[in-house]
Protein chains: 2
Amino acid sequence: MTETVRLSWKTVRDRVHARVLDGTYAPGDRLPRDEDLAEQFGCARSTVQRAMQDLSLSGIVERRRKGGTRVRRDPVTRATLDIPITRNEVESRGAVYGYQLIEQTTAPPAPAIAARLEIPGAEDMLRVRALHLSDGRPFVFEDRWVSLRTVPEIREIDLAAQSANEWLVRNKPYTRCDLRFYAINADADTAGILETDEGAALMVIERTTWIGGDPITSVKALTAPGYQILTRS
Amino acid sequence: MTETVRLSWKTVRDRVHARVLDGTYAPGDRLPRDEDLAEQFGCARSTVQRAMQDLSLSGIVERRRKGGTRVRRDPVTRATLDIPITRNEVESRGAVYGYQLIEQTTAPPAPAIAARLEIPGAEDMLRVRALHLSDGRPFVFEDRWVSLRTVPEIREIDLAAQSANEWLVRNKPYTRCDLRFYAINADADTAGILETDEGAALMVIERTTWIGGDPITSVKALTAPGYQILTRS
DNA sequence: AAGTGGTCTAGACCACTGA
DNA sequence: CAGTGGTCTAGACCACTTG
């Protein structure tokens, strides 16, 4: 009844979560109002509010004004991923990072690329194909398109010395980022670049970014066999 | 100077974010103290605090007591993924969901599985192999191990009628979840089950869950060719 | 129209950590 | 030890949504 310790919102969150876990509040159930929970826990309503906001963000409960708070019926697994700059990814594994520019051209992109960037017509864009190495071995091969309208400065950058990945991430923050992951079989060209066999299963990471409504870049990163994406610990 | 409107913490967050984007605060720079920002924006310090907490969570800035708030030098792409129950995934695409139990046995798992679940010795576990269908076509083949020590009730469940995926997600909430994604070439067995060609590139989703410190399940979901994982919009 | 979550404020105190 | 972020509280008002 009387709490001797001061409760933090994280404590409240964990206690309420525990009640969901042990079935006190079952899926679909309505939880007490924040104010009542605050009384139960002997804390301020705003503390409960902060706790419930976090549970809502984690997909544990759903909250609606007037409708109250309910335990989600169909829980989803919600995970957070970090995709670092490739150089950092290599170096954080204790390997030596390397980089090779393969090709740099200016051309209108294929319709699929334009669609991904949500731009209507065909306009010249910068295409960069480059290889990231880990301890001298191919690690990630990236095939990138950069909007010259949104990022004209990139014409001046020596992309043989510095990867577009690094330059863009450091100099062109984005406000929106779409990611998708899928698997493909390596074609002959890709297999040659990644020094693997044709047909090998490769994980592909596609990333497209915008600033405001303007497209920055769309990149298809083909990873060497064995590459894994892990959730943030 | 004088704000006529009331600022929400999200507004403050977006304004500070804009300053990072336009270079007012460059990577590595130290931002003003919360209290000074509050004065600039004409709001309470707690409003700024909430805003900065969110920017910190998004990986835009780093905050340290006494050290202040700094713009992260090496931004990471941080994304949130939702992995729904397979049935919901199929049905939300407007397809008809189907399910087939392929095999159900009790045996000690391979060392790799035990290691993933962080259990020391070999103990009997429930192994379930099952196929999820979308409009009658193979969609996801799951190879799952369930801890009979943590989840003894699952012995009583008819896993031919209800998928372990669904039963566990609905009845066994977890407190910790590890996910990993990678690509493999389908072996003959898998290709047969997924009705594809041997060697086809498949995306694999491995998910392992615990409640408290106790292992619940580890599942390897082999997805049919073409499967994509998208970030939450 | 009324109930419930969302947010703000001002002030207070705590907790961590860098100088 | 002093500076800065982290959190709590109590009260107030707003915004959404359901009955």
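For the structure itself, consult the block above.
Throughout this document, residue positions are counted from 1 along each chain, in the order its sequence is written. Think of it this way: whatever chain is written first is A, whatever ligand is written first is 1, and the rest follow in order. Confidence filtering applies because this is a predicted model: local features only for residues at pLDDT of at least 70, side-chain atom pairs given and counted only at 80 or more, and all residues used for totals across whole chains, interfaces and linings. Hydrogens and waters are ignored; side-chain quantities use all the structure's heavy atoms.

### Focus on the interface of chain B and chain A
- Note on contacts: a residue pair qualifies if any of its non-hydrogen atoms lie within 4.5 Å across the two residues. Facing 46 residues of chain B, the contacting portion of chain A comprises 46 residues.
- In short, buried area is how much 1.4 Å probe accessible area vanishes from two parts on joining, totalled over both. Of the roughly 3,900 Å² buried at the junction of chain B and chain A (both faces included), carbon and sulfur atoms supply 53%.
- Looking only at chain B, the three residues that lose the most surface to chain A are B:Leu21, B:Thr77 and B:Phe181, adding up to 16% of its buried area.
- Among the ionic pairs, B:Arg78 bridges to A:Asp82, the shortest N-O distance being 2.7 Å.
- Counted as a polar contact is a pair of N or O atoms within 3.5 Å, where, for protein atoms, one must be capable of donating a hydrogen and the other of accepting one, and residues adjacent in sequence contribute only when both atoms are in side chains. Where chain B meets chain A, there are 22 residue pairs in polar contact (both at pLDDT 80 or more).
- Side-chain classes are defined by residue name, with Ala, Val, Leu, Ile, Met, Phe, Trp, Tyr, Cys and Pro counting as nonpolar, Asp, Glu, Lys and Arg as charged, and the others, Gly among them, as polar. Of the residues belonging to the side of chain B that touches chain A, the class tally is 26 nonpolar, 10 polar and 10 charged.
- By definition, two strands form a pair when at least two bridges between them are found by DSSP. To qualify as a helix, a DSSP run of H or I must reach at least 4 residues; to qualify as a strand, a run of E must reach at least 2; elements of each kind are numbered from the N terminus. Here strand S10 (residues 228-230) of chain A pairs with strand S7 (residues 176-185) of chain B via three bridges, running antiparallel. Salt bridges are counted wherever a side-chain nitrogen of Lys or Arg sits within 4 Å of a carboxyl oxygen of Asp or Glu.

### Examining unusual backbone geometry
- For A:Asp135, which is not glycine, the phi dihedral falls at a positive 50°.
- With respect to the secondary-structure elements, A:Asp135 resides in the loop between strand S5 (125-134) and strand S6 (137-147).
- Relative accessibility under 20% of the residue-type maximum defines a buried residue, over 50% an exposed one, and the middle range a partly exposed one, all with a 1.4 Å probe and only protein chains included. In this structure A:Asp135 comes out as partly exposed when scored by relative accessible area, which is 43%.
- A positive phi angle is found at B:Glu195, which is not glycine, with a value near 55°.
- Mapped onto the elements of the fold, B:Glu195 is located in the loop between helix H7 (188-194) and strand S8 (201-211).

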